[in-house]
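# A structural walkthrough
In case you want the letters, here they are:
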Amino acid sequence: MKFGHVFKETLRNEGFPSDWVNSAISYSQLKKCINRLASELAQVGLDPATLGTLLKQVEDYNASTQKDDDDRDRPFEYILSGDDSPSLPKEQRKPFHPKLLFYVDEKTGEVHSAKLAEDTRSKLQMLAVATGVSQLRVFEEPDNHSMGSEESTETRSPPNELNTVNGIRKRPGFRTVEIPLTSDTEFFATLTNQLSGLEALQEKEEKRMHAQIEELGKQVAHLTDPERRNNKKLVPVWRQIFQIYVESSIFFGTTERDHEAHDADKAGERFLEFSDKIAKEGLVDKFKKAENVNALNAFMHINREILQGLRFGEINHVAMLKILKKFDKQTALGVKSTVPTYIVFPEFSSHLAKAVCASVSSQIITHVPLLDDYSCPMCMELKWRPVRLRCGHVFCIRCLIVMQTNKQHRCPLCRELTVVDANAGNLDLELAEFLKRWFPDEVKAKQKYNELMAGVDQYGEVYKEKCSVM
Amino acid sequence: MSLSKRIIKETQRLAEDAVPGISAVPHDDNLRYFDVTIDGPSQSPYEGGVFKAELFLPDDYPMTPPKIRFLTRIYHPNIDRLGRICLDVLKSNWSPALQIRTILLSIQALLGAPNPDDPLANDVAQAWKQDEQAAIQTAREWTEKHAKP
Ligand SMILES: [Zn+2]
Ligand SMILES: [Zn+2]
């Protein structure tokens, strides 16, 4: 199937909002531009085969002698634009102003080929004559800095120095001839226009989603507020959902083998795994009230939107690369490698997804502290009761006791001598309050364990056996 | 003695977030005993070899370090004939915050950077210091002979 068709189908069937579809790269419009450009070139005898042959002659020569020091051997150049640096803010960037330039010897009218072997040169000359290059109605490059094409008629450039004007290299003894083309300007104007449209859309969507996330964040904060008695049973449910969410690493890998941003396919797969797991744990059923179910739905919805944004960005990116490839196939002008240095494709994946994911975690997930962030680095259980050493590292009191009994005087994390002199004064009461509020069940369990182990310390292992019978 | 939360968590992470070139799988009947394999680091004489080791977590782990020993024969100045390893983090520099994965990474690094000035296998260290090229060649041959699956 042709890409144009696939692209159209995808845009129609993926359920993108209509304003997204309207902002998508218009592949068919650009294709028409290319067709027009191809016929413009054909009119002056520069069908892709001819241009390709010209280009190849030079490349072959360069390759055979390893003299590919620069492109001065090229009989022609296709310059996209002198000063449209992608580092400039987009308001300051000029639109594309592509030029197809031939270098022709001032006296003989030969196509420029200074370093070429005699027979290659004559072949080129033959080709140029055969395809009518020397009979072209040509414009000379203006020497002033104006880029206006109307002025670029009969002025002559000084032939005796090698300098650059508007990014175009002047060569001594050669006239620069521009082949008059209009469809390529149109092509690039259309393309850049659509890219900035995509960028604007992305900015708009990002703002909208941030607002949505903020709203949901407030809701989750309310639903999980440990001060509300009704929430008591719900906090662990939300915690489990978010724990599974974090572990699913849907949009970004977090393991040794996978630590990159995921593409839409992979992220979609991970998202499915996440929803399956939640379903399997029966977590939704534990939400008795509609407000919790609604909040969870909103959370799932936001994630689906991020996924869609990823998918939309990807297919547009592919569409752009495909259309540039088509451009080259029909004109042999080699833009596929040069265009990406002039434009920045607005990546939904790296902007939208990253920004939105960051705010999902900072605005929503953060409302429910996860156990992993409050576990003791030694026993990996909840750090109850929390002891803050002088070095700032926090362990549970049980591990502190174990360390002190074993004469482990140094902090396991920073190796400072801070374990040896820790005492009751090191208890972190504020953190203790926090843990009691957010992890009441875990605190209870750990408290029981700590007491049991204290008994063992005092009376030996037999204490444990007695206790477990009771 | 029941398995601590810590050992359960470490084991889980070893399986789910495996380190490339390293595996550690606990025995079904003794969850403190692990079968370990370490791939020889590239650009080292152990490249291409897969080295088996056994790892045991003592009762007072993590107060004391895991006990680990190579089962595959290896020609290395810091590993002796019985497979015992001379590595500071397994002895004086152990810290209860270190984990199985960090230890195995250190051992893999040791394979990439033998240290004949702190030897365990004295004869190997001697050979290493006298003629490094020859020692490396021997290490390569041993890898070929003992560590190829
Ligand atoms: Zn602890
Ligand atoms: Zn410390």
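Going by an unreviewed UniProt entry, chain B carries the name E2 ubiquitin-conjugating enzyme and comes from Pleomassaria siparia CBS 279.74. The UniProt entry for chain B carries the following text under Sequence similarities (unreviewed entry): "Belongs to the ubiquitin-conjugating enzyme family."

As annotated in an unreviewed UniProt entry, chain A carries the name RING-14 protein-like protein and is attributed to Pleomassaria siparia CBS 279.74.

## Quick notes on the UniProt feature "domain: RING-type" (unreviewed entry) in chain A
Within this numbering scheme, the UniProt entry marks residues 376–415 of chain A as carrying the feature "domain: RING-type" (unreviewed entry). Between the first and last C-alpha atoms of residues 376–415 of chain A the distance is 16 Å; the span itself is 22% helix and 15% strand.

## Examining the nonpolar core
Residue and element names in this part refer to chain A. Ranked by internal contacts, the top residues of the largest apolar core, which has 49 residues, are F242 and F274. Elements supplying a minimum of two residues to this core: α6 (183–223), α7 (234–248), α8 (264–280), α10 (290–331), α12 (348–364) and α14 (429–438). Composition of this core by domain shows at least three residues from each of domain 2 (191–367) and domain 3 (373–469). Those residues in contact with F274 that sit more than four places away from it in its chain are I241, I244, Y245, S248, I250, F299 and M300.

## Digging into the side chain of R239 of chain A
Relative to the helices and strands, R239 of chain A resides in helix α7. Buried within the structure, R239 of chain A lacks any salt-bridge partner; E442 of chain A is the closest side chain of opposite charge, at an N-O distance of 4.1 Å.

## A look at the UniProt feature "active site" (unreviewed entry) in chain B
Residue and element names in this part refer to chain B. As recorded in UniProt, the sites labelled "active site" (unreviewed entry) are C86. Mapped onto the secondary structure, C86 falls in the loop between β4 (67–70) and α2 (100–112). Once you skip the residues sitting within four places of it in the chain, C86 turns out to touch N78, K91, L110, D118 and L120.

## Focus: the coordination of the zinc ion (ligand 1)
Residue and element names in this part refer to chain A. Looking at the zinc ion (ligand 1), one finds its protein donor set to be C376 (SG), C379 (SG), C396 (SG) and C399 (SG), positioned 2.3 Å from the metal centre. Ordering the donors of the zinc ion (ligand 1) by residue number gives the pattern C-x2-C-x16-C-x2-C. For the pair shown, C376 and C379 are each scored as buried.

## Re helix α1 (residues 3–13) of chain A
All names here are of chain A. Among all positions of α1, only F3, F7, T10 and L11 are buried. Buried residues in α1, looked at end-on, bunch into an arc of 95°, giving them a common side. Away from the buried face of α1 by more than 90 degrees, exposed residues K8, R12 and N13 are located. The secondary structure elements touched by the buried residues of α1 are α2 (18–23), α3 (27–43) and α10. Of the residues trailing α1, G15 is marked for its positive phi of about 75°.

## Quick look at unusual backbone geometry
Of the consecutive residues W384 of chain A and R385 of chain A, the connecting peptide bond is found in the cis state with omega at -15°. Here R385 of chain A shows up in the loop between α12 and β7 (386–388). A cis geometry characterises the amide bond from Y61 of chain B onward to P62 of chain B, with omega recorded as 5°. Its identity is not glycine, yet M380 of chain A carries a phi of approximately 65°, on the positive side. As for its placement among the helices and strands, M380 of chain A is situated in the loop between α12 and β7. Even without being a glycine, K407 of chain A presents a positive backbone phi close to 55°. For K407 of chain A, the location among the structural elements is in the loop between α13 (397–405) and α14.

## So, the coordination of the zinc ion (ligand 2)
Residue and element names in this part refer to chain A. Protein ligation of the zinc ion (ligand 2) involves C391 (SG), H393 (ND1), C411 (SG) and C414 (SG), the donor distances falling in the range 2.0 to 2.3 Å. Here the zinc ion (ligand 2) binds 4 donor atoms, and the angle range of 106 to 115° at the metal identifies the geometry as tetrahedral. Mapping the donors of the zinc ion (ligand 2) onto the primary sequence gives the spacing C-x1-H-x17-C-x2-C. Within this pair, whereas H393 is found in the loop between β7 and β8 (394–396), its partner C414 is found in the loop between α13 and α14, the two being separated by 21 residues in sequence. By relative accessible area, H393 is classed as partly exposed at 25%. Judged by its relative accessible area of 30%, C414 falls in the partly exposed class.

About the criteria used
- Residues numbered from 1 in each chain as written.
- Chains lettered and ligands numbered in written order.
- Predicted model: local features only at pLDDT ≥ 70, side-chain atom pairs only at ≥ 80, totals over all residues.
- Heavy atoms only, no water.
- UniProt positions renumbered as here; feature names shortened; annotations may be inferred.
- Helix = DSSP H or I, 4+ residues; strand = E, 2+ residues; numbered from the N terminus.
- Core = buried A, V, L, I, M, F, W, Y, C linked by side-chain atoms within 4.5 Å.
- Buried < 20%, exposed > 50% of the residue type's maximum accessible area, 1.4 Å probe, protein only.
- Domains from an automatic or database assignment.
- Contact = heavy atoms within 4.5 Å.
- Lys, Arg positive; Asp, Glu negative; His and termini not counted.
- Salt bridge = Lys/Arg side-chain N within 4 Å of Asp/Glu carboxyl O.
- Donors = N, O, S within 2.8 Å, 3.2 Å for Na, K, Ca; no water.
- Arc of directions from axis to C-beta.
- Tetrahedral: all angles 85-135°; square planar, octahedral: opposite > 155°, others 65-115°.

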